[in-house]
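Below, each chain spelled out in residue letters.
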Amino acid sequence: MYPARFEYVAPTTVDEVLAVLADRGDEAKVLAGGQSLIPMMKLRFAFPELLVDVNHIPGLDAIDDADGHLRVGALVRHNDVVGSDMVSRTNHTMAAAAPWISDPLVRNLGTLCGSVAHADPLGDWASVMLACGADVVARSTSGERVIPMADFITGPFTTTLEPTELVTEVRVPKYTGTGGGTYVKLERKVGDYATVGVATHLDLDGGGTITNAGIALTSVAPNNVKAVEAEQALVGEAPSDALFAEAAELAARAAEPKDDVRGSAEYKRNVVRVFTRRALTTALEHAQG
Ligand SMILES: Cc1cc2nc3c(=O)[nH]c(=O)nc-3n(C[C@H](O)[C@H](O)[C@H](O)COP(=O)(O)OP(=O)(O)OC[C@H]3O[C@@H](n4cnc5c(N)ncnc54)[C@H](O)[C@@H]3O)c2cc1C
């Protein structure tokens, strides 16, 4: 199908984008990789009057290491994350997740920030960002807002982002002490969205005690789920199989899966349990070097 008629602008600076969004944000959509927006327009689930293409703005395509954070710009593609030495050295969860996003065509165009802004409950990046305690940085003509990922997504395809705001980057805290994490994903076939995805993140102090824990789930609820009770069970404890089994049980309880073509609710909940335990074990192995 063809999308409904729309106007198109391609600004070359962030300030121009913000001016357009200030003027026409309610009827406009930012176009990044187009890998979610264009299919939705073709299916007539979305019919913005104006597309604001941000692909011609220099400086938004960098992954920087600054102020204790990994900063991922709005035009960093999934495949940029796959190929990033900085990511593979500093964040195991992101490095594990990136190759799981769809297929090479989508990974070449789609962006991490676009995925987070799109807030598809089947999207992998939001879980990674929830587990890692990331912030979303949004700018408008009124200034900059730094929104904790845990407050950013409010429902399926719904966020706290204003129509006048552009996500300019996400900031992912670097490990404090020694850290590790991973992302595990079950999919029916290569390139599919997740049947279940689990992101984990652990920080350990010098004595090996867990000082910070992140667990988030993909495709098992109306939103990506931050498994807060499971995270809290880990903090302040020494890692062990029994502790990880307890956290896995709490994560399984936090899921709200439904029966669908990808599997029964019971099956998916059990995958969450098994994957969480496995992903915490891998996170610990990474943290211990
Ligand atoms: C066949 C196929 C398979 C896929 N499989 C997976 C998968 O396995 N896992 C997965 O996680 N994803 C998957 N995706 C989705 C893909 O990851 C998209 O790239 C991503 O969801 C959206 O990123 P984008 O840059 O393409 O955003 P776009 O499609 O350009 O935009 C999506 C939405 O976000 C908004 N937006 C984008 N960037 C910004 C910004 N900087 N500021 C404000 N708003 C913004 C847009 O206005 C729009 O509403 C798949 C897509 C396809 C087509």
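Structure first, text after, so check above.
Source: prediction; values computed, not measured. (Residues numbered from 1 in each chain as written. Predicted model: local features only at pLDDT ≥ 70, side-chain atom pairs only at ≥ 80, totals over all residues. Heavy atoms only, no water.)

A.B. asks: Hey, could you run me through the pattern of salt bridges in this one?
C.D. replies: When charged atoms on two side chains of opposite charge get close, those side chains can pair. Enumeration according to the criterion identifies 16 salt bridges in this entry. Where salt bridges share partners, they join Arg71, Glu144, Glu169 and Arg171 into one cluster. (Salt bridge = Lys/Arg side-chain N within 4 Å of Asp/Glu carboxyl O.)

A.B. asks: Would you mind showing me how to read the site of the ligand here?
C.D. replies: Contacts to the ligand come from 29 residues, most closely from Val30, Ser36, Leu37, Thr111 and Asp124. The separation between an oxygen atom of the ligand and a polar side-chain atom of Ser36 is 2.7 Å. Within the side chain of Tyr193, a nitrogen or oxygen atom sits 3.0 Å from a nitrogen atom of the ligand. Here the ligand has 960 Å² of accessible area as a free molecule, and 89% of this is covered by the chains. (Near = heavy atom within 4 Å. Polar contact = N/O pair within 3.5 Å; in protein donor to acceptor, adjacent residues only side chain to side chain. Areas by Shrake-Rupley, 256 points an atom, 1.4 Å probe, with all protein chains shown as cover.)

A.B. asks: Just to check I follow, could you spell out the sheet that holds strand S7 (residues 143-148) for this structure?
C.D. replies: The antiparallel open sheet is built from five strands, whose spatial order is S4-S5-S10-S6-S7. Two strands bound the open sheet, and with one partner strand each, they are strand S4 (63-66) and S7. Ignoring which end each strand starts from, the neighbouring axes of this sheet average 25° apart. Note that S4 and strand S5 (residues 69-73) share four bridges and pair antiparallel. The residue of S5 that forms the bridge with Asp64 is Arg71. (Pairing = 2+ DSSP bridges. Helix = DSSP H or I, 4+ residues; strand = E, 2+ residues; numbered from the N terminus. Axes fitted to C-alpha atoms, helices over the stretch in contact; angles between N-to-C directions.)

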